[in-house]
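Results of the structural survey
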Amino acid sequence: GENGVDSRVIRVGTRRSQLARIQTDSVVKMLRELYPDLRFEIVAMSTTGDKILDTALSKIGEKSLFTKELESALERNEVDLVVHSLKDLPTSLPPGFTIGAVCKRENPLDAVVFHPKNCGKTLSLLPEKSVIGTSSLRRAAQLKKKFPHLEFRDIRGNLNTRLKKLDEKEDFSAIILAAAGLKRMGWENRIGQLLGPEDCLYAVGQGALAVEVRAKDQEILNMVSSLHDADTVLCCIAERAFMKRLEGGCSVPVAVNTLLKDDQLYLTGAVYSLDGSDSLKETMQTGVSYPHQNEDGPNDDVQHVGITAKNVPGQAQEAAENLGVELASLLLSKGAKHILSVARQLNDA
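Described below are features of the structure shown in this document. (Residues numbered from 1 in each chain as written. Predicted model: local features only at pLDDT ≥ 70, side-chain atom pairs only at ≥ 80, totals over all residues. Heavy atoms only, no water.)

**So, the pattern of salt bridges**
Two side chains carrying opposite charge are able to pair once their charged atoms lie near each other. As enumerated under the stated definition, the model contains 17 salt bridges in all. A salt bridge links glutamate 170 to lysine 117; the nearest nitrogen and oxygen atoms lie 3.0 Å apart. Residue glutamate 170 is located in the loop between helix 6 (159-168) and strand 8 (174-178), and its partner lysine 117 is located in the loop between strand 5 (110-114) and strand 6 (131-133); the two are separated by 53 residues in the primary sequence. Given the relative accessible area of 49%, lysine 117 is considered partly exposed. (Salt bridge = Lys/Arg side-chain N within 4 Å of Asp/Glu carboxyl O. Helix = DSSP H or I, 4+ residues; strand = E, 2+ residues; numbered from the N terminus. Buried < 20%, exposed > 50% of the residue type's maximum accessible area, 1.4 Å probe, protein only.)

Structure representation (structure tokens):
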């Protein structure tokens, strides 16, 4: 292929943080195994979210905090694909972009990392007024309600910075992080407690990696699409559709839990007030067992909440998206809009 993919270097964009690099390396490793003749080059850059470290994420008021600079490089053809944590990607992507691959999901649960002096404890055993660090409104809202004896305070920075703040100072008794990130960094031994769905529902897309590409770049799209994990794709389409219909984002507490079992997709979704006192939670399910049809022609690249997954049956993707939309509509009919708008106003204030 004189001008085809196989004669050029594929440039892969990533954030500079150690975790982002590890995630990107893992995706490139899979691509190298699938395409041993191709050359891959990693291009690292800093994003707004990496630079503004003294402000709570939910207060910066920028939708694509960790993705904008990477998308600009993609737009300018400086890179061919970008690796993100799926939970950092807004449910509506800028025109011209698509998520060309969603890799097999790592454990999506949240994890508690304790200060060395609290080693062996759980959240319920921490003393009254212990301070827990988290940068997520979603985590704080759920845990305040569940553990009213604890105090929650904002903590920012990448994983390394946050663990350092926890270990070297006495400010925090524990911090809450995504189990997936800790696992990828090789710090699984720091997880003192995994928070199951009964304690804390997770973020939309948490634990999954996404590969963003130019929607019209057919060669790159075809190349990365082999990384899709069908189960993860269906779960994440449902979660993203739920979030999109609610118009949720970083500045409001929206949480999910998905389960795909025996061709049934179960989605639990919830919205919370900032202090967790007010909440709505429901579960719905749908069948996702559909044959793969060859959908050539104009329907070729149908996107579902920003995801293009040619190798996953279109009807299954549609069913997953409808599930998310219907669950969100149910919560909206029960008053979710009010809870979320109050949360948004309080957070903005």
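**Structural notes on the sheet that holds strand 6**
In spatial order, the strands read 7-6-8-5-9; together these five strands make up an open sheet with mixed pairing. In this open sheet, the two strands that pair with only one neighbour each are strand 7 (151-153) and strand 9 (193-195). Mean inter-strand twist for the sheet, computed between neighbouring axes without regard to direction, equals 30°. The pairing of strand 5 with strand 8 spans five bridges and is antiparallel. The residue bridging alanine 111 from the neighbouring strand is leucine 177, located in strand 8. Helix 5 (residues 137-146) contacts strand 5, strand 7, strand 8 and strand 9 of the sheet and is inclined by roughly 125° relative to strand 8. Its contacts with the sheet place helix 6 against strand 5 and strand 8, and it is angled at close to 165° to strand 8. (Pairing = 2+ DSSP bridges. Axes fitted to C-alpha atoms, helices over the stretch in contact; angles between N-to-C directions. Contact = heavy atoms within 4.5 Å.)

**Some thoughts on the sheet that holds strand 10 (residues 209-214)**
The strand order across the open sheet formed by five strands is 2-1-3-10-4, and the pairing between neighbours is mixed. Bordering the open sheet on either side are strand 2 (39-45) and strand 4 (97-102), each of which pairs with just one other strand. Taking the axes of each pair of neighbouring strands and ignoring which way they run, one obtains an average angle of 30° across the sheet. Here strand 1 (residues 9-15) runs beside strand 3 (residues 81-85); their pairing, made up of two bridges, is parallel. Bridged to glycine 13 within strand 3 is valine 82.

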